[in-house]
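A look at the structure
Spelled out, the chains give:
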Amino acid sequence: MTKIKVIKNILSANKNTADKNRRFFREKGILAVNLMGSPGSGKTSLLEKTFEAGAGDLRFAVIEGDLATSHDAKRIKRFGVPVVQINTHGGCHLDANMVGRALKELPLAHTDILVIENVGNLVCPADFDLGESKRIVVLSVTEGEDKIEKYPFMFKFAGCCILNKIDLLPYCNVSDERIKRTALKINKDLDFFKVSCKTGEGINRWLEWLRAKL
Ligand code: MG
Ligand code: ZN
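Here the residue index of a chain counts from 1 through its sequence in written order. To label them, take the chains in the order written and letter them from A, then take the ligands in the order written and number them from 1. Predicted model: local features are reported for residues with pLDDT of at least 70 only, side-chain atom pairs are reported and counted for 80 or more only, and whole-chain, interface and lining totals are derived from all residues. Only hydrogens and water are removed before side-chain values are computed, so all heavy atoms of the structure are retained for them.

**Focus: the coordination of the magnesium ion (ligand 1)**
The cut-off we apply is this: Any N, O or S atom lying within 2.8 Å of the metal counts as a donor, and for Na, K and Ca the limit rises to 3.2 Å; water is left out, so some sites can look incomplete. Counting from the N terminus, the helices are the DSSP runs of H or I reaching at least four residues and the strands are the DSSP runs of E reaching at least two. Summary of the burial criterion: residues with accessible area below 20% of their type's maximum are buried, those above 50% are exposed, and those between are partly exposed, where the area comes from a 1.4 Å probe applied to protein chains only.
Protein-derived ligands of the magnesium ion (ligand 1) are Thr44 (OG1), Asp72 (OD) and Glu117 (OE), with the metal-ligand distances lying across 2.1 Å. Site description for the magnesium ion (ligand 1): donor spacing in sequence, T-x27-D-x44-E. In this pair, Asp72 sits in helix H3 (residues 71-77) while Glu117 sits in strand S4 (residues 113-117), placing the two residues 45 residues apart along the sequence. Grouping residues by exposure puts Asp72 and Glu117 together as buried.

**Observations concerning the pattern of salt bridges**
What counts is decided by this rule: Within this document, salt bridges are pairs made up of a side-chain nitrogen of Lys or Arg and a carboxyl oxygen of Asp or Glu, the two lying within 4 Å of each other.
Considering all chains together, one arrives at 16 salt bridges under this definition. Across the salt bridge formed by Lys15 and Asp19, the nearest N and O atoms sit 3.0 Å from each other. In this pair, Lys15 and Asp19 are both assigned in helix H1 (residues 2-28), 4 residues apart and thus about one turn of the helix distant. Judged by its relative accessible area of 24%, Asp19 falls in the partly exposed class. As a salt-bridge pair, Asp19 and Arg22 come within 3.0 Å of each other at their nearest N and O atoms. Taken as a pair, Asp19 and Arg22 lie in helix H1 at a separation of 3 residues, close to a single helical turn.

**With respect to the sheet that holds strand S6 (residues 160-164)**
Either a parallel or an antiparallel arrangement is found when strands of a sheet pair, and the pairing is made through backbone hydrogen bonds. Condition: Here a strand pair is declared whenever DSSP counts at least two bridges between the two strands. Only the stretch in contact is used when fitting a helix axis, every axis being a line fitted to C-alpha atoms; angles between N-to-C directions are given from 0 to 180 degrees. Contacts are assigned to residue pairs that have any heavy atoms within 4.5 Å of one another.
Overall, parallel pairing links the 7 strands, which are arranged S3-S2-S4-S1-S5-S6-S7 in an open sheet. Edge positions in the open sheet fall to strand S3 (83-87) and strand S7 (191-194), since each of these has one partner strand only. Put simply, the sheet's adjacent strands are angled 20 degrees from each other on average, direction ignored. Lying over the sheet, helix H2 (residues 43-52) contacts strand S1 (31-37), strand S2 (60-66), S4, strand S5 (134-140) and S6, oriented at roughly 165 degrees with respect to S2. Its contacts with the sheet put helix H7 (residues 176-186) on S5, S6 and S7, and the angle it makes with S7 is roughly 165 degrees.

**Quick look at the packing of aromatic side chains**
To be explicit about the condition: Centre distance within 6.5 Å is the pairing criterion for rings of Phe, Tyr and Trp, where only the six-membered ring of Trp is used; planes under 30 degrees apart are then read as stacked, over 60 as edge-to-face, and the remainder as tilted.
Taken as a whole and judged by the stated rule, the model has 5 aromatic pairs. Relative to Phe60, the ring of Phe51 has its centre 5.0 Å away and its plane inclined at 65 degrees; by these criteria the two rings are edge-to-face. Residue classification places Phe51 among the buried residues on the basis of a relative accessible area of 11%. Looking at Phe60, the relative accessible area reads 6%, which means it is buried. Ring centres 6.0 Å apart and planes at 20 degrees place the aromatic pair Trp206 and Trp209 in the stacked group. Taken together, the residues span about one helical turn, with Trp206 and Trp209 both in helix H8 (residues 203-212) at a distance of 3 residues. The class for Trp206 is buried, based on a relative accessible area of 3%. An aromatic cluster is present here, built from Phe51, Phe60 and Phe79 joined pairwise through their rings.

**Some words on the coordination of the zinc ion (ligand 2)**
Around the zinc ion (ligand 2), the donor atoms from the protein are Cys92 (SG), His93 (ND1) and Cys124 (SG), and they sit 2.0 to 2.2 Å away. Of the residues examined, Cys124 reaches a relative accessible area of 15% and is grouped as buried.

**Structural notes on the pairing of S4**
Burial analysis of S4 places 5 of its 5 residues in the buried class, which makes it a mostly covered element. One ladder, built from 5 bridges, connects S1 with S4; its direction is parallel. In the strand pairing of S4, Ala32 is matched with Leu114. In this structure, S2 lies alongside S4, joined through 5 bridges in parallel fashion. From the neighbouring strand, Val62 faces S4, where its bridge partner is Val115.

So this is what it looks like as structure tokens:
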């Protein structure tokens, strides 16, 4: 019983901070998105392809969440995009407080879209509101067809699902259409994109989606 109460308190404290972050984003006119997905699904690669595709007029800033290392922040920096790395030192998700602190280190007066790349994990990032206005889940074809049904909360509250690595479809025993149908069964309002961060296929459609949310 005590355990349940503690978790409840943590989540409600997190919600208050998330609302504060959300008000901040609204005041500044920033679209904040929470980018989630398994380790290796291609979250950072999606960002690289997005910047490569010539996001052009869009001014991005990025928060990178990982247990350790600054590998992903370094990848983002190559594109001249302002980035802050958060290391959770064992923590398996970002929370609103970590994001709130990272905001102070970003040039947000000159930002249209803030991407918060969460720790690679299909479980608890779904429970922690960061103050974002959209949630994006990256899923790769190599993860198998059943992940959406096994980790439904991640997809239920997402605005967009990006199925990555479609260039590998001929080598994987999965159907992209079946994955899409399952995703839409769990969340009928989900926008679904198929991309390859290797070939660049589908990146423009996702970029259009992002632009339309501004
Ligand atoms: Mg990453
Ligand atoms: Zn966690």
